[in-house]
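# Structure at a glance
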Amino acid sequence: MAHTSPVKEHPYSHLIDTLKDGQIKFFNPYKLNDPRYDKLPLSIRVLLEAAIRNCDGFYTKQEDVQNILHWQQEQNKAEVPFSPARVLLQDFTGIPAMVDLAAMRDAVAKHGVDPSLVNPKCPTDLIVDHSLQIDYSKCAIQNAPNPGGGEGPSQGPSRSVHSRPPSRGGAQCGGQRGSCSKVACSDPRASPGGSPASVQQIENTPLLCPFHLQPVSEVETALRNQEMELIRNKERLQFFKWCSKAFKNVNVVPPDVGAVHQLNLEYLSRVVQVSDGFIYPDSVVGTDSHTTMINGLGILGWGVGGIESEAIMLGQPISLTLPQVVGCKLVGSINPLTTSIDIVLGITKHLRQAGIAGKFVEFFGPGVSQLSVPDRTTIANMCPEYNATVSFFPVDQVTLKHFKKTNFTQEKLELLESYMKAVKLFRSYDDPSEDPQYSEVIEFNLSSMVPYVSGPKRPQDRVAVSSMKEDFQSCLDEKVGFKGFHIAKEKQEIRVPFLHSGQEYQLSHGSVVIAAVISCTNNCNPSVMLTAGLLARKAVEAGLLVKPYIRTSLAPGSGMVTHYLNASGVLPYFNKLGFEVIGYGCATCVGNTAPLPEAVVDAIKQGDLVACGVLSGNRHFEGRLCDCVRANYLASPPLVVAYAIAGTVGVDFEKEPLGLTSDGKEVYLRDIWPSREEVQQIEEDTVFSSIFKDLRGRMEKGNTFWKNVECSDALLFPWDHKSTYIRSPSFFSKLSKEVPPPQSIESAHALLFLGDKVTTDHISPAGSIARVSAAAKYLMSKRLTPREFNSYGARRGNDAVMTRGTFASIKLQNRFIGKPGPKTLHIPSGQTLDVFEAADRYQRDGIPLIILAGKDYGSGNSRDWVAKGPYLLGVRAVIAESFEKLHKNQLVGMGIMPLQFLSGQNADSLELSGKERFSITLPESLSPGQELTVKTSQGKSFSVTALFDSDTDVILFQQGGLLRYVARTLL
């Protein structure tokens, strides 16, 4: 549906107001003259404006407007529609959405309907940023290039130049496209004599080409990674380009421009939208879990699954229960040594303990004015970790000051300010009389914060840096669990020697082997990145280095970050410590870390060591970065640098030095930590409008590779049946115009018997495809080698791969098996099989499937295949103690029933073995929250609650899911 309804006969036409001498119109809720409006949280006012503007009597009714206006009484009760201004897709979850739309065109065309009617009606931006893998880095000699994305052979550092044949096609290295340099190879961090190279030599440090083991100039690193990305993802890029030409309202941003959340902040955000002569608040839903970052700009937005985004793209509003809004009051002054990451982790833990799942969080109080816009976006980014829907910072003078540094013209700033003040969406945080009424208020004192990290397995487990050494020791002692590793006392002091680049090193428990400054919570915040850069500079000047075997990388969110790091003069010092820009996009965070050196892996296995990764992201579940790295910590970028220099997490920065200078002087962290004033001064000097102009130039210019990608001009996508990347899915098979009657579940088997905290990583892995997995067997049947597998994320457009990848995590804890792994019990035969192979047998035998699970099923970041995969495996229902709300909605959207045990009950209390057969009778008319009875083949019966939040959920389930529902509306 259109975002701006016609003025004629609009039920709220009397609210239309004007700006700029009548040139711009808008719906002004303030003209309702209703005292309730002034008391509404500002995030709810955005929902109200959208409901008024889009009120058409069908999707959005006057009753919905009144429910929102009556928020104080209707919160957590009424179901209301919301039509966002735009949709944001990243390529991992964006490609299946676009593949589904392409398949929907085929489906409606078979029924004689014009396929060109299938178009996104809501403006949609698709950013290709999640396919980057690290093939080249400062440790490139250990990282053989892998065009297919599988596990290539690791090249030992001591091999000769001639130990590897030239690459296919005769590609050369060195310079921009020249032949290999004849200068001897070296890693700038490998200094056998212990003394660092002079600062003046930093920029001339050579990089090693993994094809020829010869030096390549540093400017080639990102370019080489980008080339590999484009080579291995050619089919996907051809499909994306077809989408940009075939579908209306689709804007595809090609690779090598920036990460989706970063571009959303820097380029796509508008704060206000102007369309057809009307102005209204910008708002967005996205398939990236970092979409909530945009709330730091005063733009309402949150993450949704791919199937929800598809519905919005096709014009249907998103349905949500009118949320409770928690007011987070910020008071106190920020400690100079505290970064925004520390504040983020502090608020994350504070709000998680407060139990605010599914609620909006809105910040207010005098402390908000101390936070820059980058600080706010960093904080807003983490709201999925405490299960809030959004963390909203209303627009104020700080926001306007920020936009003066960007591409906003003075005219647009004036229009923005005039409009936001007219509709009462502008805040003065120092004026308590403007404070709305919230569902509840939580106060947070900024002065109480000290530096923290988070880990070793979950983002909510916060550890003060001052207690890090003791906490890691306790993790070694504790039993295996959310924090513990249970290492025997006599094995805790073990040290394993190994050779690297001809020099001997030692690894022990707590040794850092991965240190990554990546694009997530911090790259939108110049102060945090500049702190890390200044720390790197002072470390180099003090003569400190990072051990060369540590896998270091710097993956900025966009060229803007590289721009200001370079402009401030700190980038060469990052390089000297091994933190070189490896490209733009998600890498380490989504499991695309390059293999560790063989000697390091062997040492870890030999000593059964708890090796560590330290990263400045917001995802670090066990085994995600690397199979052999068990402990992973989230930290601010400067602390990533600090722990990389220290080489271990078992260090007390207050009492122990980071290292020694060339003359043996001890250097402590406090000696090289930059002051807040120093950071702010450099930030003011480097973060200015030219940075954003540079990004705009990159966006408009594109790149040569993208321009040369060829694609079809047809209305229907020409599916290549030989393709292993893009395949027409089977969601629309046997699609009928009529809605089928409800089908009860009879004699179903449990495919899996799971415990608590099953994450989306467990359900639908995004990293590399293991050689022994079901997906690997399929790809090998298509004559692909492991080097050509690429990742699950890259192959999300192929349902055959993704179905086989469902529940393929090596960390999946299935109670049928008793040990981690992607296996399950095929109950009729008693055989242990891959999950896909077992599901395939059940489907061939006509046996329906369910899943038994514990608490927090489906927690983690949004992935549409966590619902699509189980659907194609034949899963009809999931019975769990509790669900992550977003994932629960995704299950409903695919026609899978989310069923919850009654309070106080679970599989154990009901004495379920999981090997029973389960039957669930569905009534002809389902209702939200209805209790259903489950009967087992052992004669037991128990009740469960069907987690349908609204009549819309019931309709979607009865239709067989959202995709089939949308297709039927077109038929």
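Refer to the structure above for everything that follows.
This report concerns the structure included in the present document. (Residues numbered from 1 in each chain as written. Predicted model: local features only at pLDDT ≥ 70, side-chain atom pairs only at ≥ 80, totals over all residues. Heavy atoms only, no water.)

### Some points on the overall build of the chain
Convention followed: Where helices and strands are cited, they refer to DSSP runs of H or I of at least four residues and of E of at least two residues respectively, numbered from the N terminus. For the exposure calls, accessible area comes from a 1.4 Å probe over protein chains only, and a residue counts as buried if that area is under 20% of its type's maximum, exposed if over 50%, partly exposed in between. Only heavy atoms matter for contacts: two residues are in contact if any of them lie within 4.5 Å across the pair. Only the protein chains shown count as cover for residues, and all accessible areas are computed by the Shrake-Rupley method using a 1.4 Å probe.
For the chain, the count of helices and strands is 31 helices and 36 strands. Evaluated residue by residue, the chain yields a buried proportion of 64% over its 971 residues. Considering only intrachain contacts with a sequence separation of at least 6, the fraction spanning at least 24 residues in the chain is 76%. Of the roughly 34,700 Å² of accessible surface on the chain, 48% is carried by carbon and sulfur atoms.

### Here's the deal with the packing of aromatic side chains
Heads up, the rule is: Stacked, tilted and edge-to-face pairs are distinguished by plane angle, under 30 degrees for stacked and over 60 for edge-to-face with tilted covering the rest, among Phe, Tyr and Trp rings (Trp via its six-membered ring) whose centres lie within 6.5 Å. Ring-over charges, as used throughout, are those where CZ of Arg or NZ of Lys falls within 6 Å of the ring centre and within 35 degrees of the ring normal.
Enumeration according to the criterion identifies 25 aromatic pairs in this entry. Ring centres 5.5 Å apart and planes at 25° place the aromatic pair F82 and W302 in the stacked group. One end of the pair, F82, is in strand β3 (residues 79-82); the other, W302, is in strand β12 (residues 300-303), and 220 residues separate them in sequence. Each member of the pair, F82 as well as W302, is classed as buried. Between F239 and W242 the ring centres are 5.9 Å apart and the planes differ by 25°, which places this aromatic pair in the stacked class. Here W242 and F239 lie together in helix α7 (residues 234-246), a separation of three residues that amounts to about one turn. For W242, a relative accessible area of 0% puts it in the buried group. One aromatic cluster in this structure is built from F239, F240, W242, F247, F717 and W719. It is R53 that lies over the ring of Y280; its NZ or CZ is 3.9 Å from the centre. Over the ring of F408 we find K412, and its NZ or CZ is 4.4 Å from the ring centre.

### As for the sheet that holds strand β5 (residues 124-127)
Inclusion rule: If DSSP finds at least two bridges between two strands, the strands pair. The axes used here are C-alpha line fits, helices contributing only the stretch in contact, and every angle between their N-to-C directions lies in the interval 0 to 180 degrees.
Read from one edge of the open sheet, five strands run β8-β5-β4-β11-β12, paired in parallel fashion. Each having just a single partner strand, β8 (250-253) and β12 make up the two edges of the open sheet. Averaged over all adjacent pairs, the angle separating strand axes in this sheet is 20°, with direction ignored. Bridge count for β5 against β8 is four bridges, and the pairing is parallel. Looking across to β8, one finds that D125 is bridged to N251. Against the sheet, helix α9 (residues 306-313) touches β4 (86-90), β5 and β11 (283-286), its axis set at about 140° to β4.

### Quick word on the sheet that holds strand β34 (residues 918-920)
Taken in spatial order, the seven strands line up as β28-β31-β32-β33-β36-β35-β34 and close into a barrel, and their pairing is mixed. The mean inter-strand angle of the sheet, taken between neighbouring strand axes irrespective of direction, is 40°. Direction of pairing for strand β33 (residues 897-901) relative to strand β36 (residues 941-946): antiparallel, over a ladder of three bridges. The residue of β36 that forms the bridge with Q900 is T945.

### Notes on the pairing of β36
Of the strand pairs in this sheet, strand β35 (residues 931-936) and β36 are connected by five bridges, and their pairing is antiparallel. Its bridge partner lying in β36, L932 is registered against V944. Linking β35 to β36, which pair antiparallel, is a turn of four residues; within it G939 sits at a positive phi near 90°.

### Section: the packing of helix α15 (residues 526-541) against helix α19 (residues 637-646)
Put simply, the rule reads: Between 65 and 115 degrees an angle is taken as roughly perpendicular, under 35 as roughly parallel, over 145 as roughly antiparallel, and anywhere else as oblique. Side-chain classes are defined by residue name, with Ala, Val, Leu, Ile, Met, Phe, Trp, Tyr, Cys and Pro counting as nonpolar, Asp, Glu, Lys and Arg as charged, and the others, Gly among them, as polar.
Where α15 meets α19, the closest approach of the two axes is 7 Å, and the angle between their N-to-C directions is 30°. When the axes of α15 and α19 are compared, the pair comes out roughly parallel. Where α15 approaches α19, its residues V528, M529, T531, A532, L535, A536 and A539 are matched on the opposing element by P637, P638, V641, A642 and I645. Residues belonging to the contact of α15 with α19 are distributed by class as follows: eleven nonpolar, one polar and no charged.

### What about unusual backbone geometry?
Residue P456 is reached from G455 by a cis peptide bond, and omega for that bond is 10°. Turning to its location among the elements, P456 is positioned in the loop between β18 (452-454) and β19 (462-464). Even without being glycine, H486 reaches a positive phi, approximately 55°. Of note, H486 is situated in the loop between α14 (468-477) and β20 (495-500). One non-glycine residue with positive phi stands out, namely S747, at about 50°. Relative to the elements of secondary structure, S747 occurs in strand β28 (residues 745-753). Looking at S747, the relative accessible area reads 32%, which means it is partly exposed.

### Things to note about the pattern of salt bridges
Our working rule: For this document, the term salt bridge refers to a Lys or Arg side-chain nitrogen within 4 Å of an Asp or Glu carboxyl oxygen.
Within the structure shown, the criterion is met by 30 salt bridges. The partner of K777 in a salt bridge is D834, with the nearest N and O atoms 3.3 Å apart. With K777 in helix α25 (residues 774-781) and D834 in strand β30 (residues 831-834), the pair connects residues that are 57 residues apart, well separated along the chain. Through salt bridges with shared partners, a single ionic network connects R537, K538, E541 and E678.

### Some remarks on the pairing of strand β1 (residues 16-19)
Note: β1 against strand β2 (residues 24-27), four bridges, orientation antiparallel. Paired with T18 across the strands is K25, a residue of β2. A loop of four residues connects β1 with β2, the two strands running antiparallel in sequence, and K20 in this loop sits at a positive phi of about 55°.

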